Protein chains: 2
Amino acid sequence: MLLNKPRLQNLLRAKGWLGLLATTPESVTYLSGYWAMPQWIRRGPQVYAFQGADSGTGSFVVTGTGLSDQAADQTLWVDDVHRYGEFFVTPQLEPANSGDAMPAWRTRWVDILTAAQHDSPAKAVAAALQKAGVTGGAIGIEEDGIGAAQLAAIRAACPGVRFEDAGDFSKRVRAIKTPAEISRLRSACRIAERSIYAALQGAHAGESEYDLLRRFNTQTVADGAYPVLYCIGIGERSAMPNVDPSRKQRLSVGQTVRFDVGGRFEHYRADIARIAAFGDVPAASRRAHAAVQAGIEHALEIIRPGLAGRELFDAVVGIVRRAGLPHYQRNHVGHGIGLDGYEVPALTPTSIDVLEPGMVMCIETPYYELGHAGFQVEDMVMVTETGVQSLMSLPHRLLDCPATGSPPVFDESPLQVLVAGSPAP
Amino acid sequence: MLLNKPRLQNLLRAKGWLGLLATTPESVTYLSGYWAMPQWIRRGPQVYAFQGADSGTGSFVVTGTGLSDQAADQTLWVDDVHRYGEFFVTPQLEPANSGDAMPAWRTRWVDILTAAQHDSPAKAVAAALQKAGVTGGAIGIEEDGIGAAQLAAIRAACPGVRFEDAGDFSKRVRAIKTPAEISRLRSACRIAERSIYAALQGAHAGESEYDLLRRFNTQTVADGAYPVLYCIGIGERSAMPNVDPSRKQRLSVGQTVRFDVGGRFEHYRADIARIAAFGDVPAASRRAHAAVQAGIEHALEIIRPGLAGRELFDAVVGIVRRAGLPHYQRNHVGHGIGLDGYEVPALTPTSIDVLEPGMVMCIETPYYELGHAGFQVEDMVMVTETGVQSLMSLPHRLLDCPATGSPPVFDESPLQVLVAGSPAP
């Protein structure tokens with residue numbers, strides 16, 4: 001399962017909370033395995049998940065009846081699914097053929113649909129907490145995933161329970177990834193690399209940023225992921241950190257292309273960056289790239305458990321300055337990644353986060369220079385017991401693309417395979 | 001522009017508000033034209049947009065400095081961009097060639113980057129409201145797009161201003177679409193239709209739901225849109241309303257396939273549904289489909305300005321019952337669509353929304369029968385001065401796919417072209 005349950009329960013006990021009620025889509029999926037699509041794609045659906053601080057406390061999901069099919073079809077690690085609101089599903093009308101076994105999802109769904117229907121999300125939470133054995137004391141609730149009105153309704157429906165904000169707490173729980181999470185992050189990362197390579201294959205003068213984007217997105221969906229982050233900038237437009245691929249900006253020989261990209265694979269995010277060089281690029285571009293590359297390579301040498309986020313920041317920024325960009329300044333040199341794009345740890349000058357084995361992070365040294373270009377190397381890496389393991393296979397250096405339209409020049413053989421454990425595309 | 005400014009200002013004046021402060025990504029884009037990618041793809045970035053109730057009041061965007069590049073690169077319809085927080089961009093180091101004109105986005109970005117930097121989103125809002133001429137009175141704020149702590153900080157930073165919840169208000173403003181919005185919705189709809197057709201082309205026995213999904217997604221990104229809603233279910237799995245395409249469920253002759261799908265094109269959503277029949281399907285399936293089809297076709301006959309949402313609901317459900325499903329029950333027969341998937345009007349038994357010209361809605365009559373299948377016809381339509389205009393070109397009937405793997409049998413010629421006004425794929 002995705003959830004690191006011993007970690008959650010240790011942190012809950014340290015906090016004095018009887019459990020955690022997740023309200024953000026990311027934490028609901030993490031605590032329960034339940035991915036309620038409507039909660040992810042539009043504003044409004046109320047879906048919650050709960051885990052207790054000890055084995056004597058129950059766990060549950062609260063969801064709308066019309067969303068409960070996915071709770072039956074997916075693999076959940078909670079005791080109960082509680083539903084609220086009316087939704088109409090017609091029971092089986094035709095008798096089944098005697099040889100037909102009922103699929104497991106249907107059995108589970110019928111169980112959910114025939115259980116009590118609550119009037120509102122808040123009333124369902126109240127009933128679910130009671131069944132889980134929580135009738136008093138304090139629990140954490142993610143206030144950033146719920147509107148003020150819904151939060152007030154939950155408080156009113158559970159007068160014996162004290163709800164305390166767990167926004168930062170749940171991010172801390174999710175900071176150490178389980179093997180199941182690392183496997184998904186590894187796949188998301190590999191798919192992003194393959195998509196950069198696909199975008200560069202056959203790149204030719206006169207193409208637009210949008211043309212590169214289309215090859216990128218096509219590879220991402222072919223590999224079973226979904227496009228999320230797709231900043232692809234040519235030449236001086238690549239100095240915009242969030243550059244939105246344009247149909248007008250055209251590639252010409254001597255330009256660099258910045259990719260800051262990553263999709264979502266089985267709900268987990270990728271976020272990586274590389275720079276491609278189209279034909280011969282100016283010496284100033286190669287110098288700037290070498291400096292940001294040196295920063296990342298130094299990070300990979302020093303990352304280990306116990307290192308503070310702010311120490312890593314200082315060391316990496318120092319190297320970039322010494323390696324060719326003395327004026328280099330940054331707010332951060334990376335961040336955790338998982339179900340959300342920015343997770344714990346923060347790698348900032350003031351971060352109090354300390355690296356621990358199992359953290360998966362993006363390490364990055366972006367440099368944006370007006371009138372020139374943006375340069376960035378960003379790797380996804382995992383902190384191990386003794387140091388760091390990269391999830392990447394693309395080289396750090398400028399990805400040289402011949403101006404003839406031939407494929408980029410580097411060993412692409414690792415990219416030919418999806419990571420072991422990925423479903424075949 | 002996307003914004004219907006006269007409508008916004010009329011509704012603001014009726015409410016007695018001096019302006020609307022948008023906090024949800026959808027309304028920020030609508031009020032200002034500003035699509036701040038990080039606000040759409042992860043939790044945390046604070047981006048707001050404001051429009052006043054009259055021409056004497058200024059309009060603005062508030063955004064993080066690190067997100068301000070997109071405000072410079074995009075076409076905005078606000079007076080000012082106010083930024084908060086530090087972000088490092090290196091000024092031009094090399095002198096420009098004398099012949100090089102500075103691109104417009106760079107001029108605008110430098111203007112933003114050299115304007116005052118505020119310490120926090122709340123302080124930026126306070127300064128921006130003052131510059132816009134709002135120093136007292138009441139304004140609306142979307143409470144559902146902002147955390148409790150940020151909301152409290154804004155209130156504290158603007159002691160003279162009364163902030164009232166505008167969650168429902170902003171949805172009402174967005175209910176009547178402008179021509180620019182209708183054009184995007186039309187394209188999103190056509191792309192979803194083309195993607196259904198692509199998924200069905202070459203469908204053959206033994207394929208999984210996931211195989212169909214991949215052809216669907218590939219067409220969506222090839223047409224310049226992004227997958228969002230992609231429920232594709234085969235046989236009895238199609239009775240799950242939110243069916244998540246499975247790698248295990250295989251297509252066999254005699255089954256139906258339900259598509260409830262739609263991507264995002266230039267930030268606007270599609271949501272349509274059709275049923276395909278693979279070879280000869282049972283008479284019960286054809287009967288169920290004919291009933292839900294009759295409901296939609298009746299809706300298209302009666303939709304006109306002045307019709308209440310609940311009247312439409314009653315009429316459509318009544319027809320489905322009389323046309324072959326006497327036990328049919330539903331919570332709604334459709335909803336508005338735009339930047340979000342569910343907008344005003346609601347087509348429910350208790351809806352007080354009344355249809356007006358310029359509303360774009362999904363009309364749908366889903367029917368889910370356990371042990372059999374799900375049946376659904378869902379069209380995107382626009383209310384006109386005199387009635388209704390469909391945005392669709394797929395026929396309503398069962399899309400018959402020969403079991404030989406040949407293309408589905410209907411006139412697909414309208415699908416061969418993207419809608420006029422769409423950028424070429």
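Worth saying up front: this structure is predicted, and the values here are computed from it rather than measured. (Residues numbered from 1 in each chain as written. Chains lettered and ligands numbered in written order. Predicted model: local features only at pLDDT ≥ 70, side-chain atom pairs only at ≥ 80, totals over all residues. Heavy atoms only, no water.)

1. Observations regarding the packing of aromatic side chains
Rules: Side-chain rings of Phe, Tyr and Trp (the six-membered ring for Trp) are treated as a pair once their centres are within 6.5 Å; stacked means planes under 30 degrees apart, edge-to-face means over 60, and tilted covers the remaining angles. A run of H or I in DSSP becomes a helix once it reaches four residues, and a run of E becomes a strand once it reaches two; helices and strands are each numbered from the N terminus. Between buried and exposed lies partly exposed: a residue is buried under 20% and exposed over 50% of the maximum accessible area for its type, with that area taken using a 1.4 Å probe on protein chains only. Charge-over-ring contacts are defined here by two conditions on Lys NZ or Arg CZ: a distance within 6 Å of the ring centre and an angle within 35 degrees of the ring normal.
Following the criterion strictly, the structure yields 12 aromatic pairs over all chains and no others. For the ring pair Tyr-226 of chain A and Tyr-230 of chain B, a centre distance of 4.7 Å and an interplane angle of 5 degrees mean the geometry is stacked. Pair noted here: Tyr-226 of chain A is in strand 8 (residues 226-234) and Tyr-230 of chain B is in strand 8 (residues 226-234), and the two residues belong to different chains. The two residues Tyr-226 of chain A and Tyr-230 of chain B agree in class, both being buried. Arranged with centres 6.3 Å apart and planes meeting at 50 degrees, the rings of Tyr-328 of chain B and Tyr-367 of chain B form a pair that is tilted. Pair noted here: Tyr-328 of chain B is in the loop between helix 12 (309-322) and strand 12 (334-336) and Tyr-367 of chain B is in strand 15 (residues 367-369), with a separation of 39 residues, a long-range link. Each member of the pair, Tyr-328 of chain B as well as Tyr-367 of chain B, is classed as buried. One cation-aromatic arrangement involves Arg-247 of chain A over Tyr-210 of chain A; the distance from NZ or CZ to the ring centre is 3.9 Å.

2. A word on the domain arrangement of chain A
All names here are of chain A. To keep things clear, this is the line we draw: Domain start and stop points were drawn from an automatic or database domain assignment. Pairs of residues are marked as contacts when any of their non-hydrogen atoms sit within 4.5 Å. Accessible surface is computed with a 1.4 Å probe, and the buried area is the amount of it that two parts give up when combined, taken over both parts together. In protein, a polar contact means a hydrogen-donor-capable atom and an acceptor-capable atom, both N or O and within 3.5 Å, with residues adjacent in sequence counting only if both atoms are side-chain atoms; elsewhere, any N or O pair within 3.5 Å suffices. Throughout this entry, Asp, Glu, Lys and Arg are counted as charged residues, while Ala, Val, Leu, Ile, Met, Phe, Trp, Tyr, Cys and Pro are counted as nonpolar. The remaining residues, Gly among them, count as polar.
For chain A, the assigned domains are domain 1 (5-173) and domain 2 (179-401). Using C-alpha coordinates to define each centre, domain 1 is positioned 36 Å away from domain 2. If you look at the interface, domain 1 gives 8 residues, while domain 2 gives 8 residues. Each partner contributes to the roughly 660 Å² buried at the junction of domain 1 and domain 2, and carbon and sulfur atoms together form 68% of this total. When the buried surface of domain 1 facing domain 2 is broken down by residue, Glu-26, Tyr-30 and Trp-40 rank first, second and third, together holding 50% of it. On the surface where domain 1 and domain 2 come into contact, there are 1 residue pair in polar contact (both at pLDDT 80 or more). Contributing elements (two or more residues each) for the side of domain 1 that touches domain 2: helix 2 (25-32) and helix 8 (167-173). Here the element with the most residues in the side of domain 1 that touches domain 2 is helix 2; it accounts for 3 residues. Along the lines of polarity and charge, the residues of the side of domain 1 that touches domain 2 split into 3 nonpolar, 1 polar and 4 charged.

3. A closer look at the sheet that holds strand 3 (residues 60-64) of chain A
Sheet strands associate in pairs through backbone hydrogen bonding, adopting either a parallel or an antiparallel arrangement. Residues and elements named next belong to chain A. The condition that has to hold: We treat two strands as partners when DSSP finds at least two bridges between them. For helices, the fitted axis covers only the stretch in contact; all axes are lines through C-alpha atoms, and the angles between them, taken along N-to-C directions, range from 0 to 180 degrees.
What the 7 strands build is an open sheet, ordered 5-4-3-2-1-6-7; its pairing is mixed. Where the open sheet ends on each side, the last strands, each with one partner, are strand 5 (117-118) and strand 7 (161-165). Contacting strand 1 (19-22), strand 2 (48-52), strand 3, strand 4 (80-84), strand 5, strand 6 (137-141) and strand 7, helix 6 (residues 121-132) crosses the sheet at an angle of about 160 degrees to strand 3.

4. What about the interface of chain B and chain A?
As a reminder, the rule being used: One side-chain nitrogen of Lys or Arg within 4 Å of one carboxyl oxygen of Asp or Glu is enough to make a salt bridge.
Listed as interface residues are 70 residues of chain B and, on the opposing side, 70 residues of chain A. There are 6 salt bridges connecting chain B and chain A. The salt bridge involving Arg-43 of chain B is made with Glu-26 of chain A; its shortest N-O contact spans 2.9 Å. Run the count over chain B and chain A and you get 24 residue pairs in polar contact (both at pLDDT 80 or more). Among the secondary structure elements, those contributing two or more residues to the side of chain B that touches chain A are helix 2 (25-32), helix 3 (37-41), helix 4 (68-73), helix 5 (104-114), helix 10 (209-222), strand 8 and strand 15 of chain B. Here the element with the most residues in the side of chain B that touches chain A is helix 10 of chain B; it accounts for 7 residues. When the residues that make up the side of chain B that touches chain A are grouped by side-chain class, the tally is 36 nonpolar, 15 polar and 19 charged.

5. Some points on the pattern of salt bridges
Charged atoms that come close allow side chains of opposite charge to pair. For the structure shown, the criterion picks out 37 salt bridges over all chains. Here Asp-73 of chain B makes a salt bridge to Arg-237 of chain A, at a shortest N to O gap of 3.0 Å. A residue pair is termed interchain when its members come from two chains, as with Asp-73 of chain B in helix 4 and Arg-237 of chain A in the loop between strand 8 and strand 9 (256-265). Here Asp-73 of chain B falls in the partly exposed class, since its relative accessible area comes to 21%. One network of salt bridges, in which partners are shared, links Asp-73 of chain A together with Glu-209 and Arg-237 of chain B.

6. Details of the sheet that holds strand 7 (residues 161-165) of chain B
Residue and element names in this part refer to chain B. Within the open sheet, the 7 strands sit side by side as 5-4-3-2-1-6-7. Their pairing is mixed. Only two strands of the sheet have a single neighbouring strand rather than two, namely strand 5 (117-118) and strand 7. Bridge analysis of strand 4 (residues 80-84) against strand 5 gives 2 bridges, and the strand direction is parallel. Following the sheet pairing, Arg-83 is matched in strand 5 by Gln-117. Sheet contacts for helix 1 (residues 5-15): strand 1 (19-22) and strand 2 (48-52); angle to strand 2, the most-contacted strand, approximately 75 degrees. Most of the contacts of helix 2 go to strand 2, to which it runs at about 45 degrees, and overall it touches strand 1, strand 2 and strand 3 (60-64).

7. Side note on the relation of the copies chain B and chain A
The two chain copies are related to each other by a rotation about an axis together with a translation along it. To be explicit about the condition: We place the copies in one frame by least squares, fitting the C-alpha atoms of every residue whose pLDDT is at least 70 in both.
Between chain B and chain A, the superposition needs a rotation of 180 degrees and an axial shift of 0.0 Å, giving an RMSD of 0.0 Å. When the rotation and shift are considered jointly, the pair of chain copies conforms to a two-fold rotation axis. Among all C-alpha atoms of chain B, that of Thr-218 of chain B lies closest to the rotation axis, at 3.1 Å. A symmetric contact is evident, with 100% of the interface residues of chain B recurring at the interface of chain A.

8. Considerations on helix 6 (residues 121-132) of chain B
Residues and elements named next belong to chain B. The condition is simple: Here the expected length of a helix is defined as 1.5 Å per residue gap, with one fewer gap than residues.
Counted at 1.5 Å a residue, the expected span for helix 6 with its 12 residues is 16 Å, and the 16 Å between its end C-alpha atoms agrees. Taken residue by residue, helix 6 has Pro-121, Ala-122, Ala-124, Val-125, Ala-126, Ala-128, Leu-129 and Ala-132 as its buried positions. Directly after helix 6, the chain includes Gly-133, whose backbone phi takes a positive value near 95 degrees.

9. So, the nonpolar core
For clarity, the cut-off: Residue types Ala, Val, Leu, Ile, Met, Phe, Trp, Tyr and Cys, when buried and joined through side-chain atoms within 4.5 Å, form a set referred to as a nonpolar core.
Counting residues in hydrophobic clusters, the biggest one holds 175 residues, and the most contacted among them are Met-380 of chain A together with Met-380 of chain B. Sequence-distant contacts of Met-380 of chain B, defined by excluding residues within four places in its chain, comprise Leu-185, Cys-189, Arg-269, Ala-270, Asp-271, Ile-272, Ile-337, Met-361, Cys-362, Ser-390, Leu-391 and Met-392 of chain B.

10. Brief notes about the pairing of strand 14 (residues 360-364) of chain B
Along any regular strand the residues' side chains alternate between the sheet's two faces. Residues and elements named next belong to chain B. Along strand 14, 5 of the 5 residues are buried, which leaves the element largely enclosed by surrounding structure. Judged by which residues are buried, strand 14 turns out to be covered on both faces: Val-360, Cys-362 and Glu-364 on one side and Met-361 and Ile-363 on the other are all buried. One ladder, built from 3 bridges, connects strand 12 with strand 14; its direction is antiparallel. The partner of Gly-336 across the bridge, within strand 14, is Met-361. Here strand 14 pairs with strand 17 (residues 378-383) via 5 bridges, running antiparallel. Residue pairing for strand 17: Ile-363 is matched across the bridge by Asp-379.

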